[in-house]
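Spelled out from the first residue to the last, the chains are:
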Amino acid sequence: MKYALLGKVSFWLVLIGAAALLTPQPAWPEWLARMLLSAGVALGVTALGVTMWRKRVNTNKRN
C-alpha cells in the first residue's frame, strides 16, 4: 500500500514538474520545476526498485 502511494506521488511530481518546464511563462523558477521533475523520477525509480526487491525476497522465502 505504501509503495502504491509512492508511485502516485512520483507520477504527480513528474507531471507538475514537466508542466512547469513546458509553460511559456511559468510562475515557478526553472530550478524548482527541474527539482520537482528529478525528485519525481527518483521516487519512481525507488518505488520500482523496492517493488522488485520485495517480490524477489518473497519468491526466495517460498523456496
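Our subject is the structure that appears above.
Here's what I pulled together on the structure shown here. No experiment lies behind these values; they were computed from the predicted model shown. Every chain is numbered on its own, with residues counted from 1 as its sequence reads. Thresholds applied to this predicted model are a pLDDT of at least 70 for local features of residues and 80 or more for the giving and counting of side-chain atom pairs; totals over whole chains, interfaces and linings are not thresholded and use all residues. As a convention, hydrogens and water are excluded, and side-chain values are obtained from all of the structure's heavy atoms.

Our focus in this paragraph is the side chain of Ser10. Mapping Ser10 onto the fold places it in helix 1 (residues 2-22). We classify Ser10 as buried; its relative accessible area is 7%. When sequence neighbours within four positions are dropped, the list of residues in contact with Ser10 reads Gly40, Leu43 and Gly44. Secondary structure follows DSSP: runs of H or I at least 4 residues long count as helices, runs of E at least 2 residues long count as strands, and numbering of each begins at the N terminus. Here's how the labels work: a residue is buried when its accessible area is under 20% of the maximum for its type, exposed when over 50%, partly exposed in between, all with a 1.4 Å probe on protein chains only. Should any heavy atoms of two residues lie within 4.5 Å, those residues are considered in contact.

To continue, consider the packing of aromatic side chains. Between the rings of Phe, Tyr and Trp (Trp by its six-membered ring), a pair exists once the centres lie within 6.5 Å; its type follows the angle of the planes, with under 30 degrees stacked, over 60 edge-to-face, and the other angles tilted. The final tally for this structure, using the stated rule, is one aromatic pair. Between Phe11 and Trp12, the ring centres sit 5.2 Å apart and the planes meet at 75 degrees, which makes this aromatic pair edge-to-face.

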